[in-house]
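# Descriptive structure summary
Okay, here's what each chain looks like letter by letter:
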Amino acid sequence: MEILNYILSINPNYIIIGLLAFFYTLEQVFDNPFTFKQRGKHLFQNILFQIVFFALNLFFFTILVSSIEWLNTKKIGLLYLIELPFWIRLILSVMLFDFATYWLHRASHKIPLLWRLHRVHHSDTQMDSSTTFRFHPIELAIVYQAGNIVAAGIFGLDVTSLALYYFIVYIFFFIEHSNLNYPNCLNRTLGLLFVMPDHHRVHHHQEQVYTDSNFADIFIIWDRLFGTFKLIPVNQMKYGLVEFEEEKQQSFLYLMKSPFITIKREVSDNSKN
């Protein structure tokens, strides 16, 4: 319990900065499965998203916490119907937050309004650890925070489990997005339960049949259970979206305004074959 309290007491911004520094350094030291130029510019553009999100979330995070605490005070949610030991309830709560996010993520690919926001993340044609930050701030601060409140209301989840979920999910985000070579055996071992980098790379593939797969953030079992799991060799992957391939469409300012612009979803040449 003391270890958990210590972990959750750490400023999450320090954790995020530390993870970025660690994985970005590894990307410069070791061989990469994908090579690209202007890494510094790419890093700077993606960090801008995190800065705006941080500023916007100062307000929305307060709403998130107060809403979940109110739900807990009223004992609203399924987990309040049964008595569970603390650690079992905590682990189950983290899994349920991930389960709820899986379905919200799927919805973000199918509902046009949500896709306008979410496609900012998929626009990155050169994915690395900094891609973890490339989300439209409105999507993270409003859509996903609202999803967390709904999940807390349905399942009876609390702020402590949400904090632990975010601690774990950010570690997974950096592992999944980093431009590093990982052992193939991970897919056959840990990858039976957890999301591995090769799983998430498929999700960032340019072809929509692969983009609309592997929606989970932590537990790949959701994709395996609900028929959205796919895996292809790394050397067959091409990141991004066809409609965002031009350099000007990779700029921070363009991506920030892109949800408010009508951009037709294009099909890659490989998809036409």
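Residues numbered from 1 in each chain as written. Predicted model: local features only at pLDDT ≥ 70, side-chain atom pairs only at ≥ 80, totals over all residues. Heavy atoms only, no water.

### Thoughts on the side chain of Gln206
Tracing the backbone shows Gln206 in the loop between helix H9 (197-203) and helix H10 (208-211). Side chain to side chain, Gln206 and Glu245 meet in a polar contact 2.8 Å long. (Helix = DSSP H or I, 4+ residues; strand = E, 2+ residues; numbered from the N terminus. Polar contact = N/O pair within 3.5 Å; in protein donor to acceptor, adjacent residues only side chain to side chain.)

### Notes on the nonpolar core
Grouped together as the largest cluster of nonpolar side chains are 43 residues, with contacts concentrated most on Leu157, Tyr165, Tyr170 and Phe174. Sorting the residues of this core by element identifies helix H2 (12-29), helix H3 (39-73), helix H4 (86-110), helix H6 (137-155), helix H7 (159-177) and helix H11 (221-225) as the ones contributing at least two each. Among the elements that take part in this core, H7 stands out by supplying 8 residues, more than any other. Those residues within four positions of Leu157 in sequence are excluded, and the remaining contacts are Ile68, Asn72, Leu79, Ser93, Leu96, Phe97, Ala151 and Ala152. Grouped together as the second largest cluster of nonpolar side chains are 10 residues, Leu241, Phe244, Tyr254 and Ile263 included. (Core = buried A, V, L, I, M, F, W, Y, C linked by side-chain atoms within 4.5 Å. Buried < 20%, exposed > 50% of the residue type's maximum accessible area, 1.4 Å probe, protein only. Contact = heavy atoms within 4.5 Å.)

### Let's talk about the confidence of the model for the protein chain
Counting all residues, the mean pLDDT for the protein chain is 93, and 97% of those residues have values of 70 or more. Of all helices and strands in the protein chain, the one with the weakest mean pLDDT is helix H13 (residues 269-272) (55), whereas H11 scores best (98). (pLDDT = per-residue confidence, 0-100.)

### With respect to a nonpolar patch on the surface
Residues Leu78, Leu81, Ile82, Val150 and Ile154 make up a contiguous nonpolar surface patch of roughly 500 Å² in combined accessible area. Relative to the helices and strands, Leu81 is located in the loop between H3 and H4. Classification of Leu81 by relative accessible area gives exposed; the value is 70%. (Patch = residues over 30% accessible without salt bridge, like charges linked within 9 Å, V, L, I, M, F, W, Y side chains within 5 Å. Areas by Shrake-Rupley, 256 points an atom, 1.4 Å probe, with all protein chains shown as cover. Salt bridge = Lys/Arg side-chain N within 4 Å of Asp/Glu carboxyl O.)

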